[in-house]
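Commentary on secondary and tertiary structure
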Amino acid sequence: MTLRLYDTATREVRPFEPVRPGRASVYVCGLTVQSEPHVGHVRSAVSFDVLRRWLQHGGLEVDFIRNVTDIDDKILAKAADAGRHWYEHAALMHRELTAAYAALNVLPPTYEPLATGHVPEMLALIERLIERGHAYPAADGSGDVYFDVRSWPAYGELTRQRVDDMEAAEDADPRGKRDPRDFALWKGRKPTEPETASWPSPWGPGRPGWHIECSAMAGKYLGETFDVHGGGVDLRFPHHENEQAQSRAAGHGFARFWLHNAWITTAGEKMSKSLGNSLTIPAVLERFRGIELRYYVVAAHYRSHVEFSFESLEEAASAFARIEWFLEQVQGAEPDYADDLPDAFVAALDNDLATPAAMAVIHEHVRQGNVAVSARDGEAASRAACQVRTMLDVLGLDPADPAWGGASGADDERLRAAVDVLLAGLLEQRAAARAAKDFAAADAIRDRITAAGIEVTDTPDGPKWSIA
RNA sequence: GGUGGGUUGGCCGAGAGGCGAGGCAACGGACUGCAAAUCCGUGUACACGGGUUCAAAUCCCGUACCCACCUCCA
């Protein structure tokens, strides 16, 4: 495999070699389950899902860990607003998130660790940092523990920033910090916070800081050094910088590649700031199928900023319909991994997951396949369809993947068969009318079928119907 | 102030020194009773100003505008 990936830390595309031969280890920062997932959230998931599928296709076993942050300030605040227990709120949003991932055919991770389930690991890491002189309990009796930024000379290396150039947040509460840039590893419980949101620690009851969870969980499941750490661009600083600092200060090698996906914005604004809830995944799925949304996301490179609009999503759906139509013409063509993927497709994905170029290859094969269908060259058409489906499958976009069908698959099949039988009579009448050149009668029959929401199309092999 | 990124045809969206990615839309043609789909064809696109080069959307310098992050707000 000659996969090359863009590493944010070195700002260059370089060859990917797993630390452990034959196994790739990937850690992706999941979400803080505080509100309904929106389009921006799933971009990260889909992007790294493509990475995972490509690594697997390259013959690697992939240990894919994607965490869920289920305790944090926002969760406490939003749960209080909604009149729920914080853990109830987190669990509710977590279920929404899982449903959104499933709707977009994002493969379940190898494991999805929760922050609240790893407090002992975090405490151990914090104690180690204190022993090594890189962390300290606050002197103000708050029970907080901070990472000592000044004790770690490499601090800022991931994002190429010098500590002295950093602007301390104006409204930051310095509390017991030695330096305003020090960040919390552990937060002592405040009297206003629910008791259920605290855990015992050597520094008194409290809860974990945001960054420490990822260091602890990545270390636990992937080892002290692992291959890829991914997340959204916004996480580079402070989150990833802090993760790297604390992990390395604890003596770990940590991530060898840092991958960051760009934003999807609306009207130039971050989605999290955008008004309303029209862009939550459940809302978008009322208007578009999951596979269409996934196509839309994959059609842009993961490092490119995307300006979301329903118009461009509509365009993407049209483009995808073209692919689907071709595959419907050539039934029975299964993905075939024994057959090599087109070189251009492989080259595209190997080049930092250039999905737009990969998509161009798919469209090119669809075009050739359509030519073969027109020429009634069944063998060529079938081969093209196999290749198209194989490529789509690598991107998680194979329309025939059972993951899209859901539980109603069997019922759908039976309904389809029933409609087929019912329509057969009407289509025979229409064929007779056409043969007699009674086009008014033929069109009347077609109009009736159309009114029922079914589109009839004449093809060289006779009429075909599809749900409009 | 610091750090990173962006500006490409009607639209979306790739590319990163030389042959016009791909898609959507539009127009012309083929096919069709008509449609639909499909195929073939049609576009002198790279924010602006300089420069380097035989050759620049791509490299260099400058300018403008935009975006993200800068320590518990993705």
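Nothing here was measured: the structure is a model prediction, and the numbers come from that model.

**Quick notes on the nonpolar core**
In this structure, F345 and I362 are the most contacted members of the largest nonpolar core, which totals 110 residues. The dominant element in this core, judged by the number of residues it contributes, is helix 1 (residues 39–57), at 9 residues. There are two domains that each give this core at least three residues, and those are domain 1 (4–261) and domain 2 (269–400). Apart from residues no more than four positions distant in its own chain, I362 is found in contact with I323, F345, V388, M391, L392 and L395.

**So, unusual backbone geometry**
F237 connects to P238 through a cis peptide bond whose omega is 0 degrees. Secondary-structure assignment places P238 in helix 6 (residues 236–249). In this structure, R11 is a non-glycine residue whose phi angle is positive, near 55 degrees. Checked against the element boundaries, R11 lands in the loop between strand 1 (4–7) and strand 2 (12–15). You can call R11 exposed: its relative accessible area is 52%. In the Ramachandran plot, D352 falls in the positive-phi region, its phi being about 55 degrees despite a non-glycine side chain. For D352, the location among the structural elements is in the loop between helix 10 (343–350) and helix 11 (355–374). A relative accessible area of 1% means that D352 is categorised as buried.

**Looking at the domain arrangement of chain A**
Split by domain assignment, chain A resolves into domain 1 (4–261), domain 2 (269–400) and domain 3 (410–467). Centre-to-centre separation of domain 1 and domain 2, based on C-alpha positions: 32 Å. Facing 27 residues of domain 1, the contacting portion of domain 2 comprises 35 residues. For the domain 1 face of the interface with domain 2, the top three residues by lost area are V39, R43 and W54, together amounting to 28%. Across the contact surface, domain 1 and domain 2 share 1 salt bridge. Put simply, R294 and D49 hold a salt bridge, and the shortest N to O gap is 2.9 Å. At the boundary of domain 1 and domain 2, one finds 13 residue pairs in polar contact (both at pLDDT 80 or more). When contributions to the side of domain 1 that touches domain 2 are tallied by element, the ones reaching two or more residues are strand 1, helix 1, helix 3 (86–103) and strand 10 (254–261). In terms of residue count, helix 1 provides more of the side of domain 1 that touches domain 2 than any other element does, 12 residues in total. For the side of domain 1 that touches domain 2, the class distribution of residues is 14 nonpolar, 7 polar and 6 charged.

**Side note on the sheet that holds strand 3 (residues 23–28)**
One open sheet accounts for 4 strands, arranged 4-3-9-10; its pairing is parallel. The outermost strands of the open sheet, each flanked by one partner alone, are strand 4 (61–66) and strand 10. When strand polarity is set aside, the average angle formed by the axes of neighbouring strands in this sheet is 25 degrees. Across 6 bridges, the pairing between strand 3 and strand 4 is parallel. Each residue of the ladder has a partner; that of R23, found in strand 4, is E61.

**Overview of helix 6**
Counting buried residues in helix 6 gives 10 out of 14 residues, a clear majority hidden from the surface. Those residues of helix 6 lying buried are H239, H240, E241, N242, E243, Q244, A245, Q246, S247 and A249. Buried residues along helix 6 sit against helix 4 (119–131), strand 6 (145–147), strand 7 (183–188), helix 5 (210–222), strand 9 (225–232) and strand 10. Where helix 6 terminates, the next one or two residues include G251, which has phi positive at roughly 100 degrees.

Calculation notes
Residues numbered from 1 in each chain as written. Chains lettered and ligands numbered in written order. Predicted model: local features only at pLDDT ≥ 70, side-chain atom pairs only at ≥ 80, totals over all residues. Heavy atoms only, no water. Core = buried A, V, L, I, M, F, W, Y, C linked by side-chain atoms within 4.5 Å. Buried < 20%, exposed > 50% of the residue type's maximum accessible area, 1.4 Å probe, protein only. Helix = DSSP H or I, 4+ residues; strand = E, 2+ residues; numbered from the N terminus. Domains from an automatic or database assignment. Contact = heavy atoms within 4.5 Å. Buried area = accessible area lost by both parts, 1.4 Å probe. Salt bridge = Lys/Arg side-chain N within 4 Å of Asp/Glu carboxyl O. Polar contact = N/O pair within 3.5 Å; in protein donor to acceptor, adjacent residues only side chain to side chain. Nonpolar A, V, L, I, M, F, W, Y, C, P; charged D, E, K, R; others polar. Pairing = 2+ DSSP bridges. Axes fitted to C-alpha atoms, helices over the stretch in contact; angles between N-to-C directions.

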